[in-house]
Amino acid sequence: MRSSCPYHAQPVTAKWRDCVAKVPVAEIDPTTAGSFQIERSTVIASAGSCFAQNMRNHLIRHGYNYLITEPGAQELSATEREDRQYGIFPARFGNVYTTTQLYQLLERAFGRFTPQEDYWQDADAYYDPFRPHVEPDGFASIGALQDDRTRHLAATRRMFETVEVFVFTLGLTEAWRSRIDGGVFPVCPGCSVGTFDPNRHEFVNFGVRESTDALFAFVEGFRAVNPNAKVILTVSPVPLLATMTPQHVIQATTYSKSVLRVAAEEARQHFPHVDYFPSFEIIMATNRTQEFFAGDRRTVTKTGVERVMDLFFHRYAGEVLPDRSAATADNPGRPAIIDKIVCDEEQALRALQSLRG
């Protein structure tokens, strides 16, 4: 390479041979320094796909200040609290898979969007279309559902107003939405609860422009209510469970993750207070997929999650990377925590499979 070539001035992390080919596989690190730092006192909240719950689990495990604005009644047992999704995210909004769903959550929390699809009914139980699994047996009445939703949206509003660092994991581009007002549901109506109606519900696979526009709208709206907050975006490495497109699910997954990665990059480049953390790249592009995925080739293993979070804390909190080879069952290096992951899409598919017998 000629001495006048501008690539000479690029850091090691910009050159594949130096930061990938010559590095032991276990040491490949596709992250770069965060544009800001977090401390244990920093108020942190997260939202997103199923993989996003790993962020919450590890922040708590490491002693960080994870925000909970909807803790649930004190008399609830630990099992009841978990089954009803208290504490899984800051408020009981369940999985937020798409950028449009995130933007609409913000708008609903501040009273700027009220979806016309008020409830789904199964037998004598009523379910919230936008968080259908927070009450496993449904609400006893429409009034009970609406009262709970009012409390929930107030808790969500407090989260947006008080958080200092908000982490959003982008998960999907495929979604189901209302034909009436465009309200985006976390699952397809009728797959677990409710009834699918082609006159009211439609499938959508968001493209780059739609995903980016919704993400920009969220960032700008969030900035208006909380001017000092920072945002960290990351893309879930978990493949699609199923696709509604005619393509093979691997092709559909590649499309979805590519769109989301572009949207995240567009936001990082446009907004100075928005960062990107490469969870997707850590799992998918460091030649360790056999270690990082379970036998179903979809579930990220404990080893994979630990690698993602070790690098997150290293880059954003200055923590020293732990020697995972020294960890044992008797000395895991971290306090125990139940890493139960709740996925709306998986609950919907299980319900559908049970109906098929």
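Residues numbered from 1 in each chain as written. Predicted model: local features only at pLDDT ≥ 70, side-chain atom pairs only at ≥ 80, totals over all residues. Heavy atoms only, no water.

### Quick word on the layout of surface pockets
Empty space among the atoms can be located by rolling a probe the size of a water molecule over them. Condition: For each structure, a 1 Å grid was placed over the protein atoms alone; sets of points admitting a 1.4 Å probe that cannot get out are labelled cavities, open sets with protein on both sides within 12 Å along at least five of seven lines are labelled pockets, and lining residues have an atom within 4 Å of a point. Grid points are joined across faces, edges and corners, and a volume is the space filled by probe spheres set on the points. Here a helix means four or more residues in a row that DSSP labels H or I, a strand means two or more in a row labelled E, and each is numbered from the N terminus. By the convention adopted, Pro, Cys, Tyr, Trp, Phe, Met, Ile, Leu, Val and Ala count as nonpolar, Lys, Arg, Asp and Glu as charged, and the other residues, Gly among them, as polar.
In this structure, the second largest pocket encloses a volume near 460 Å³. Around the second largest pocket, the lining is made up of 25 residues, and of these Pro30, Thr31, Thr32, Pro278 and Glu281 lie nearest the centre. For the lining of the second largest pocket, the secondary structure elements donating two or more residues are α1 (16-21), α7 (249-270), β10 (274-276) and α10 (302-317). Take the lining of the second largest pocket: its biggest share by element is three residues, from α1. Taken together, the residues of the lining of the second largest pocket break down into 12 nonpolar, six polar and seven charged.

### What to know about empty space enclosed by the protein
Following the criterion strictly, the structure yields two cavities of 30 Å³ or more and no others. For the largest cavity, the calculated volume is near 100 Å³. In this structure, the largest cavity is lined by Phe93, Val96, Gln101, Gln104, Leu105, Arg108, Phe130, Arg131, His152 and Val184. Considering each element in turn, the lining of the largest cavity owes the most residues, four residues, to helix α4 (residues 99-109). Residues belonging to the lining of the largest cavity are distributed by class as follows: five nonpolar, three polar and two charged.

### A short note on helix α5 (residues 142-162)
Our working definition: The span you would expect from a helix comes to 1.5 Å times its residue count less one. Only protein chains enter the accessibility calculation, which uses a 1.4 Å probe; a residue is then buried when its area is under 20% of its type maximum, exposed when over 50%, and partly exposed in between. The contact criterion used throughout is that any non-hydrogen atoms of two residues lie within 4.5 Å.
The terminal C-alpha atoms of α5 lie 30 Å apart, and with 21 residues this matches the ideal 30 Å at 1.5 Å per residue to within 8%. All of the buried residues in α5 are Leu145, Asp148, Arg149, His152, Leu153, Ala154, Ala155, Thr156, Met159 and Phe160. On the buried face of α5, the contacting elements are β1 (43-48), α4, β4 (125-127), β5 (165-170) and α6 (208-225).

### What to know about the sheet that holds strand β9 (residues 230-235)
Inclusion rule: If DSSP finds at least two bridges between two strands, the strands pair. Whenever a helix is involved, its axis is fitted only over the stretch in contact; in every case the axis is a line through C-alpha atoms, and angles between N-to-C directions fall within 0 to 180 degrees.
Spatial ordering of the open sheet is given by β2-β1-β5-β9-β10, a layout of five strands whose pairing is parallel. Each of the sheet's edge strands pairs with one partner strand only, and the pair in question is β2 (65-66) and β10. Alignment of β1 against β2, held across two bridges, turns out to be parallel. Within the sheet, the bridge partner assigned to Val43 lies in β2 and is Asn65. Set on the sheet, α6 makes contact with β5, β9 and β10; between it and β5 the angle comes to about 165°.

### Topic: the packing of aromatic side chains
Rules: Centres within 6.5 Å make a pair out of two Phe, Tyr or Trp rings, where for Trp the six-membered ring is used; the pair is then stacked when the planes are under 30 degrees apart, edge-to-face when over 60, and tilted otherwise.
One pass over the full model with this rule turns up 19 aromatic pairs. Their ring planes at 45° and their centres at 5.7 Å tell us that Phe166 and Phe218 sit as a pair that is tilted. With Phe166 in strand β5 and Phe218 in helix α6, this pair connects stretches of sequence that are 52 residues apart. Phe218 carries the same exposure label as Phe166, and that label is buried.

### Some points on the nonpolar core
We count it as follows: To qualify as a nonpolar core, a set must consist of buried Ala, Val, Leu, Ile, Met, Phe, Trp, Tyr and Cys residues joined through side-chain atoms within 4.5 Å.
Counting residues in each nonpolar core, the largest one holds 62 residues, and the members touching the most others are Phe160, Phe166, Leu233 and Phe312. For this core, the leading source of residues is α10, giving seven residues. Leave out the neighbours within four places in its chain, and Phe312 touches Ile38, Met55, Leu59, Ile232, Phe277 and Ala317. Core analysis: the second largest hydrophobic core is formed by nine residues, Tyr127, Phe130, Phe185 and Val193 among them.

### Observations regarding the environment of Glu107
Checked against the element boundaries, Glu107 lands in helix α4. Beyond its immediate sequence surroundings of up to four residues, Glu107 is in contact with Arg112 and Phe113.

### Some points on the confidence of the model for the protein chain
The condition is simple: A score from 0 to 100, pLDDT tells how confident the predictor is in each residue.
When pLDDT is averaged along the protein chain, the result is 91, and 91% of the positions lie at 70 or above. Low pLDDT (under 50) marks residues 328-338, which in the prediction has 13 contacts with non-local residues, meaning those over four places away or in another chain. Ignoring residues within four places in sequence, the model shows residues 352-357, a span with pLDDT below 50, making one contact including any to other chains.

### Some remarks on the state of the cysteines
How we decide: Any two cysteine sulfur atoms lying within 2.5 Å of each other are counted as a disulfide.
Enumeration according to the criterion identifies zero disulfides in this entry. Free cysteine Cys5: the closest other cysteine sulfur is in Cys19, separated by 16 Å.

### Structural notes on the sheet that holds strand β7 (residues 184-185)
An order of β7-β6-β8 is seen for the three strands of this open sheet, with the pairing classed as antiparallel. Each edge of the open sheet carries a strand with a single partner, namely β7 and β8 (201-205). In terms of strand pairing, strand β6 (residues 174-178) meets β8 through five bridges, oriented antiparallel. Each bridged residue has a counterpart across the sheet, and for Trp176 the counterpart in β8 is Phe203.

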